[in-house]
Amino acid sequence: MKIIIAPDSKQAGCYAGSLLVPLFTKIEPVRLGLATGKTMIGVYQSLIRQLAAMSLCPVAHVSTFNLDEYWQVPPNHPGSFQYFMHRYLFTDLPPFLEQIHFLRGDAEKAEDECRRFDTLLSQEPVDTQLLGIGVNGHIGFNEPGTSFSSRTRKVQLSPSTIKRNALEFPGVMPKAALSVGIANIMEANNVILVACGEDKSHVLSQALCGSVREECPASILQTHPKVTVIVDKMAAQSLIKYFSRHAIQPLGDGLSRVEIDENSV
Ligand code: F6R
């Protein structure tokens, strides 16, 4: 696992965006797993900026798969994740997009909708899965205690997620969602996890340097062969205490990098 520490959230977003750019400059089909949340706004803004600066001849080759959606929230609701994606990314990306895939929060039957989405994901692994992390360690809406073998299904949100996300949600905050499972996430060829801010510091150190356990869903990423974690300094506060000083290598532009293996932790 590679960890990139950026001086601030803006630069963390830029770095994450720069890792996504090569997927858009290819011409062969790309399958990209996407996340929502405040952290992703900077990543998507930076991706759009970097692509615009390249004056490319866009080819529609990227298929996207969003991780989750609030249950019983229609796509045109301003609190839906589909609405978020159009607002922060898709409106500026159409020439690159072959197809966008969402779990439908307004589906008639959650079980059928999850089966449909799981089948889409299972056809072929996504090339890259972008992730944020909840302060309780969730990835997607896989809350603490979720089985590591979970697949796409309807989930109940934890009280801490409801409380936190209610601050952003216009209207009555849903208590349930549809989410891809941990097993789906682990099938991605590459994973990019982005976390910013002091309130992610504790959970990041638990997820990346603590024991791998279902109580901290993101800890499973320690067992994935290709993970890049991008954090800002605030989020890295607890994490860097686990590394010896020489394990942290400067990369230029105020960025530094740590490779986690048995020698550096
Ligand atoms: C949402 C998702 C969540 C968020 C996480 C962090 O699609 O996958 O796991 O990434 O809740 O959200 P922010 O960035 O708002 O702290």
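Presented here is a report on the structure given in the accompanying data block. Computed from a prediction, not measured in an experiment: that's the story for all the values here.

1. So, the overall build of the protein
Thought 1: Summing up its helical and strand segments, the protein has eight helices and twelve strands in all.
Thought 2: For 265 residues, the compact-globule formula gives about 18 Å, and the C-alpha radius of gyration of the protein, at 18 Å, lands near that figure.
Thought 3: Dimensions of the protein, computed from the C-alpha atoms along their principal axes, are close to 55 × 45 × 35 Å.
Thought 4: Buried residues in the protein amount to 54% of all 265 residues.
Thought 5: Working note: accessible area of the protein is about 12,100 Å², and carbon and sulfur atoms make up 52% of it.

2. Overview of the nonpolar core
Thought 1: Grouped together as the largest cluster of nonpolar side chains are 80 residues, with contacts concentrated most on I3, F24, Y44, L89, L130 and V231.
Thought 2: The greatest single-element share of this core, amounting to seven residues, is contributed by helix α2 (residues 38-53).
Thought 3: Those residues in contact with I3 that sit more than four places away from it in its chain are L208, V229, V231, L239, F243, S256, R257, V258 and I260.
Thought 4: Among the nonpolar cores identified, the runner-up in size contains ten residues, and V73, F81, M173 and A177 belong to it.

3. Some points on the pattern of salt bridges
Thought 1: Per the counting criterion, the structure on display carries nine salt bridges.
Thought 2: R104 is paired through a salt bridge with D106; the nearest N and O atoms lie 2.8 Å apart.
Thought 3: Taking the shortest distance from any N to any O, the salt bridge between E187 and R151 comes out at 2.8 Å. Taken together, the positions of E187 in the loop between α6 (182-186) and β9 (190-195) and R151 in the loop between β6 (128-131) and β7 (153-156) put the pair 36 residues apart, joining distant regions of the chain.
Thought 4: We classify E187 as partly exposed; its relative accessible area is 35%.
Thought 5: When salt bridges with common partners are traced through the structure, they connect E111, D112 and R115 into a single cluster.

Procedures and definitions
Residues numbered from 1 in each chain as written. Predicted model: local features only at pLDDT ≥ 70, side-chain atom pairs only at ≥ 80, totals over all residues. Heavy atoms only, no water. Helix = DSSP H or I, 4+ residues; strand = E, 2+ residues; numbered from the N terminus. Rg over C-alpha atoms; globule rule 2.2 N^0.38 Å. Buried < 20%, exposed > 50% of the residue type's maximum accessible area, 1.4 Å probe, protein only. Areas by Shrake-Rupley, 256 points an atom, 1.4 Å probe, with all protein chains shown as cover. Core = buried A, V, L, I, M, F, W, Y, C linked by side-chain atoms within 4.5 Å. Contact = heavy atoms within 4.5 Å. Salt bridge = Lys/Arg side-chain N within 4 Å of Asp/Glu carboxyl O.

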